Amino acid sequence: MRFDLDRLLFQILCLYAFVVPFELVLEIFFGIDTIFKPYRVVCLVLIGLYGIRVIRDGGLKLSRDFKEDSYLYLVFVYGILISFYNMIVAEFSLGKFYNEVFQTGLYFSVFVIVKSLPMTREELQKLQQFLFLGLVVNGLYVFLSRYVFLTLGRQSGFFDNPNYLSLGMIYALGYIAVNLERGKYYEKLLHLFLIVVCGMTFLIAGSRTGAIVMAAVVLLILSFQSLRSILIGVAMLAVLSPFFFLGSDSSGSRTNTILEERLQDRDITDDPRFPIWEGVIRASQQTYFIGLGLGQFEARFPEFYREENNLLIYEILSFGYHLSPHSDYMAVLITYGIIGLVFFLMFLFYSVRKILRQLWTNTDRYIYRLQLLGIVTIIIFGVAAENFVSGLYWMILTLSTKSIYEATDSKSTSESKLQSKYEQTISDGFVGPDRLGGRPLL
């Protein structure tokens, strides 16, 4: 019996989607701080098996889905070329370069593997489901930490950044909203419970950027629904809303959630994002907007911010650390230059257009609604948070831009060929329906 390598690859992809939210699980439970996070180990296994598949098939075959993402590939091609150029003409940290290539290369490899595998609608939905399950477990961990083990303050769960926890909860809530009307009665009750868990976890994450994204996602979800569904949703929120504000002081009076406190406490002018973005623009101007290359913004951070008057940036420089650009688009600009940023924006534009076309032309729209929610979430979230180095970001991006043309087209093509072969055989007089047990081939 022939070994089904594609099936094994898909099963490991499901495992990868599930473990992506468990970035720091070894460190939290066992005190093991290692670069070999669970999702990275699974990713390396995926790359090895996919390499075997490429060798077995006699080379890498470019699929239609693969070709649709050509602008994203151009971003990385340009990034590698400009990195080699900066190695010659500018200060360059090879250590930071190798680290960036390793991390981004892993995420990008999974992106390529998913895009090159023929995938049915059901398989894509299963990948979405496994990612959702991983995010729910993460949310339950944060929920229990706060309300059972009384761990106070802003939390990030198994992620290394609360913003990623917020991003994950937004995606999980979008998944529930899209699938809320589907399933049996007990599944709908489970979804209602998970709305509370994920919603409260989102508040604990305390991401102000996440609050803006959540508002946009809610409006997008409402645009999908009928008036009846909207009224039901409003009634549900009215019933569930008290749960979102659990928390009281010793007198029993209600206290603000972490998100509320962060929205109220800080003046927007004190946010370090603005001086960081100004520094990115200055650095881009100094390098003529060609880009610093992979990992070089971190290496050259003091060069561009030593004169900055922001307290947080001053403290970061004093300890010899660095900050991220705090924006996907600023990160792409400083790393890949204006050319890379244009390619990246074109990739996002054509991806959104593709999803909208699928929504317009298909009757079963659930999968495309979730894809649209996913890509809108990361597009808006990326304005004020850098997610380009996050495995969760890349998994959402991958699932939100994956097409199912290949599986559908290949199936219809094979069926057409088989039908033609059968009709030709009948016309040649070699076999008839009676020789097939009274049944046609198809």
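Further up the page is the structure itself.
Residues numbered from 1 in each chain as written. Predicted model: local features only at pLDDT ≥ 70, side-chain atom pairs only at ≥ 80, totals over all residues. Heavy atoms only, no water.

Caption draft 1: The arrangement of the overall build of the chain in detail. Scanning the chain for helices and strands turns up 20 helices and zero strands. The burial tally for the chain puts 48% of its 442 residues in the buried class. Relative to all contacts within the chain whose residues are 6 or more apart in sequence, the contacts with residues 24 or more apart total 78%. Here the chain has roughly 22300 Å² of accessible surface; of this, 63% comes from carbon and sulfur atoms. (Helix = DSSP H or I, 4+ residues; strand = E, 2+ residues; numbered from the N terminus. Buried < 20%, exposed > 50% of the residue type's maximum accessible area, 1.4 Å probe, protein only. Contact = heavy atoms within 4.5 Å. Areas by Shrake-Rupley, 256 points an atom, 1.4 Å probe, with all protein chains shown as cover.)

Caption draft 2: Region of the structure containing unusual backbone geometry. Look at Tyr288: it is not a glycine, yet its phi comes out positive at around 60 degrees. In this structure, Tyr288 sits in the loop between helix H13 (273–286) and helix H14 (296–299). Using a relative accessible area of 69% as the deciding quantity, one classes Tyr288 as exposed. In this model, Phe289 sits at a positive phi of 60 degrees, which is unusual for a non-glycine residue. Along the chain, Phe289 falls in the loop between H13 and H14. Among the residues examined, Phe289 registers a relative accessible area of 30% and is labelled partly exposed.

Caption draft 3: Summary view of the pattern of salt bridges. In total, this model carries nine salt bridges according to the counting rule given. The partner of Glu298 in a salt bridge is Lys96, and the shortest N-O contact between them spans 3.7 Å. With Glu298 in helix H14 and Lys96 in helix H6 (residues 94–116), the pair connects residues that are 202 residues apart, well separated along the chain. Taking relative accessible area as the criterion, Lys96 reaches 29% and is therefore assigned partly exposed. One continuous salt-bridge network, built from bridges that share partners, spans Asp6, Arg53, Arg56 and Asp57. (Salt bridge = Lys/Arg side-chain N within 4 Å of Asp/Glu carboxyl O.)

Caption draft 4: Focus on helix H1 (residues 5–19). Given a rise of 1.5 Å per residue, 15 residues ought to cover 21 Å, and the 21 Å separating the end C-alpha atoms of H1 matches this to within 8%. Along H1, the positions that sit buried rather than exposed are Leu5, Leu9, Phe10, Ile12, Leu13, Cys14, Tyr16, Ala17 and Val19. Tucked inside the fold, the buried residues of H1 contact helix H3 (38–56), H6, helix H7 (121–147) and helix H19 (391–401). (Expected span 1.5 Å × (residues − 1).)

Caption draft 5: Main features of the environment of Phe18. Tracing the backbone shows Phe18 in helix H1. Residue Phe18 is classed as partly exposed on the basis of its relative accessible area, which comes to 27%. For the pair Phe18 and Val136, spaced 118 residues apart in the sequence, the C-alpha separation amounts to 9.9 Å. Not counting the four nearest positions on each side in its chain, Phe18 is found in contact with Phe130, Leu133, Gly134 and Val137.

Caption draft 6: Region of interest: the side chain of Glu100. Of note, Glu100 is situated in helix H6. We note that Glu100 is buried and unpaired, the nearest opposite charge coming from Lys96 at a distance of 8.7 Å. Setting aside its immediate chain neighbours within four residues, Glu100 contacts Gly105, Leu294, Gly295, Glu298 and Val389. (Lys, Arg positive; Asp, Glu negative; His and termini not counted.)

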